[in-house]
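# Results of the structural survey
Chain by chain, the residues run as shown.
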Amino acid sequence: MNLTNRIKLSGMMFLEFFIWGAWFVTMGTYLTKTLHATDVQNGVAYATQSLGAILAPFIIGLIADRYFSAQKILGVLHLIGAGLLYYTTTISNFDSFYPIILIYMIIYMPTLALVNSVSFKQMKDPSKEFPPIRVLGTLGWIVAGLTIGWLGWENKGSLVLTFQMAAIASLILGLLSFTLPDTPPAKKGQKTTFADIIGLDSIGLLKNKSYLTFFLASVAICVPLAFYYNFTNPYLNEIGVKAAAGVQSMGQISELLFMFLMPLFFVRLGVKKMLAVGMLAWVLRYILFAYGNVGVNYWMVIGGIVLHGVCYDFFFVTGQIYTDKLAGDKFKSAAQGFITLATYGVGMLIGSYISGPIVNKYKISDTAHNWQSIWLVPAGIAAVVLIVFILFFKDNNKIEEPVGS
C-alpha cells in the first residue's frame, strides 16, 4: 500500500469513529437535560444503534456488495448523515428527535462495514496492515471525548454542539470518501440470499454445546453492556464528575492497552479463562459504579471506566478469535456476521429497552437517581451469565474441528 492511500485510509478511520464518539457518548445527558426526555426514552434512543446494526447487513448485502463501489456509498451515506446530524440541532423535543436519529443510525451502521471493506481491498497482508489503521478509529473516539471534556460542553449545557461537530466531521468524511481508492462491488451479478445476509450458513456452529453456551452468553452479556453505553454519561454528570466525556475516554485508552497485551494473556489463560475474566470484569465494573462517588470513592468510578478494556477485549475480541477458528475458512465471514447481529443487534436491543425502565424506577427526583440500586442490576445479570458460562462451557485448550470440515 502506498503512503497516500495509507494516509487517506487512516483519516477515514479516524473520522468514522470520531463522528460516532462525538455525540453517542453524551446523547443520554443531552436528551435528559436539553430535550427533557425520560429515562425510558433515553433507552429507546440508544436502541436505534441496535436497529441500525440489524438492518446494516441488508444494506450491505443487497446494495453495496452488488451494485455500487463501497467508497461511493460511504460518501453518500456520510453526506446524508451530516445533514441529519445538523438537523437534530434544530429539534426541541424527543418525539421529533427520535425518528431522525433512528434514520441516521440506519444509514450510519452500514458504514462500519464499508470502511473495513475499503481498507482490506488495498492491503496485501491485512493481519499486519489493518491494525495500525484501525487503531486510528479508537483514537478518533478518544479525541472526540477529550474535546467535549476540554471545551466543557456538558457543564455548560451546550451538548447540542456535539451534533454540530459530528455533522462537520461527517461532511468532511463524505467528501473524502470520493477520493478513496476504488472498491468495486464484491458480489456484482451474484445472487444474495437472506441466509447469506444474516450469516445463517454458520448456524451449524450452534451444534457445538460449548459454542452454543458462548453464543447465548454473548447475547445475554450485551444486556448489561447497554446500561454502560446508555447511562454512564448521565451517571457521571449527575454525581458531579467534571469533563465526564473526557473521563470516559479512559475506557478506550484502556481498550487500546489491553489489545496489545491480549496475545500474552491468551497464551497463558486460554479461551475459557479469557472469556470468564472478561465477564467478571463486567460484574466488578458495575459494583464499582454502584459504590463510587466523587469523594473518597472516586477511584471506584475511574476503576469502573478503566475496566472497559478488560470487559471488551477479553470477551468480545476473544470471542471473535474463538468464532473465527471454530468456523474455519468456509464459514468464518458468515459466523462473524451472525455473532455480530446477535450481540450488537438482538442483545443490545433487549438491553436498551430494559435499561430505561429500570433506571426510571430508581429515579428519586428530576435531577437524581439511586445509582447504587441501578448499577447492581447489570452487575447481577453479568454475574448470572458468568456462572452459567463457567458451568457449561468446556475448554480443552484446543479448537474443535471447524464446521463443515
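Everything quoted here is computed from the prediction, not taken from an experiment.

### What to know about the overall build of the protein chain
Of regular secondary structure, the protein chain possesses 15 helices and two strands. Relative to all contacts within the protein chain whose residues are 6 or more apart in sequence, the contacts with residues 24 or more apart total 85%. Here the protein chain displays about 17200 Å² of accessible surface, and carbon together with sulfur accounts for 67% of that area.

### Overview of the packing of helix 1 (residues 3-24) against helix 4 (residues 70-88)
Interhelical geometry of helix 1 versus helix 4 gives an angle of 25 degrees and a closest axis separation of 13 Å. Classed by the angle they form, the pair helix 1 and helix 4 counts as roughly parallel. Seen along the crossing, helix 1 lies across helix 4 with a hand that is left-handed. Along the contact surface, helix 1 presents Met 12, Glu 16, Ile 19 and Trp 23, while helix 4 presents Leu 74, His 78 and Leu 85. Its residues assigned to classes, the contact of helix 1 with helix 4 comprises five nonpolar, one polar and one charged.

### Notes on the nonpolar core
Formed by 125 residues in total, the largest nonpolar core has its most connected members in Trp 20 and Trp 23. Ranked by residues supplied to this core, first place goes to helix 14 (residues 308-361) with 18 residues. The contact partners of Trp 23, leaving out residues within four places of it in the chain, are Leu 85, Ile 101, Tyr 104, Met 105, Thr 162, Phe 163 and Ala 166.

### Quick notes on the confidence of the model for the protein chain
Confidence in the prediction for the protein chain averages 87 pLDDT; 89% of positions are at 70 or higher. The lowest-confidence element of the protein chain is helix 9 (residues 194-198), averaging 60 in pLDDT; the highest-confidence one is helix 8 (residues 160-177), averaging 97. Of the regions scoring below 50 in pLDDT, residues 397-405 engages in 18 contacts with residues more than four places distant in sequence or in other chains.

### Some words on the layout of surface pockets
The space that makes up the second largest pocket amounts to roughly 340 Å³. In terms of lining residues, the second largest pocket is bounded by 16 residues, among which Thr 32, Lys 33, Glu 238, Asp 366 and Thr 367 are the most central. Among the elements of the structure, helix 2 (27-33) and helix 10 (209-239) are those that each provide at least two residues to the lining of the second largest pocket. The dominant element in the lining of the second largest pocket, judged by the number of residues it contributes, is helix 10, at four residues. Here the lining of the second largest pocket is composed, by residue class, of four nonpolar, seven polar and five charged.

### Description of the packing of aromatic side chains
For the structure on display, the rule yields 36 aromatic pairs. Taken together, a centroid distance of 4.9 Å and an interplanar angle of 80 degrees make the contact between Phe 24 and Tyr 46 edge-to-face. With Phe 24 in helix 1 and Tyr 46 in helix 3 (residues 39-64), this pair connects stretches of sequence that are 22 residues apart. Relative accessible area serves as the criterion here: at 1%, Tyr 46 is assigned to the buried category.

### Here's the deal with unusual backbone geometry
Its identity is not glycine, yet His 36 carries a phi of approximately 55 degrees, on the positive side. Relative to the elements of secondary structure, His 36 occurs in the loop between helix 2 and helix 3. We note that Ala 243 has phi near 50 degrees; this positive angle belongs to a residue other than glycine. Along the polypeptide, Ala 243 turns up in the loop between helix 10 and helix 11 (244-248).

### Section: empty space enclosed by the protein
For the structure on display, the rule yields two cavities of 30 Å³ or more. In this structure, the largest cavity occupies an estimated 130 Å³ of space. In terms of lining residues, the largest cavity is bounded by Gly 21, Phe 24, Val 25, Trp 141, Gly 145, Ile 148, Tyr 228, Tyr 229, Ala 245, Gln 248, Ser 249 and Gln 252. Of all the elements in the fold, those that place two or more residues in the lining of the largest cavity are helix 1, helix 6 (126-151), helix 10 and helix 11. For the lining of the largest cavity, the element with the most residues is helix 6, which contributes three residues. The class makeup of the residues in the lining of the largest cavity is seven nonpolar, five polar and no charged.

What counts and how
Residues numbered from 1 in each chain as written. Predicted model: local features only at pLDDT ≥ 70, side-chain atom pairs only at ≥ 80, totals over all residues. Heavy atoms only, no water. Helix = DSSP H or I, 4+ residues; strand = E, 2+ residues; numbered from the N terminus. Contact = heavy atoms within 4.5 Å. Areas by Shrake-Rupley, 256 points an atom, 1.4 Å probe, with all protein chains shown as cover. Axes fitted to C-alpha atoms, helices over the stretch in contact; angles between N-to-C directions. Parallel < 35°, antiparallel > 145°, perpendicular 65-115°, else oblique. Left-handed = near helix turned anticlockwise from the far one by under 90°. Nonpolar A, V, L, I, M, F, W, Y, C, P; charged D, E, K, R; others polar. Core = buried A, V, L, I, M, F, W, Y, C linked by side-chain atoms within 4.5 Å. Buried < 20%, exposed > 50% of the residue type's maximum accessible area, 1.4 Å probe, protein only. pLDDT = per-residue confidence, 0-100. 1 Å grid on protein atoms, 1.4 Å probe; cavity = no way out; pocket = protein on both sides within 12 Å on 5 of 7 lines; lining within 4 Å. Points joined across faces, edges and corners; volume = space filled by probe spheres on them. Phe/Tyr/Trp six-rings, centres within 6.5 Å; stacked < 30°, edge-to-face > 60°.

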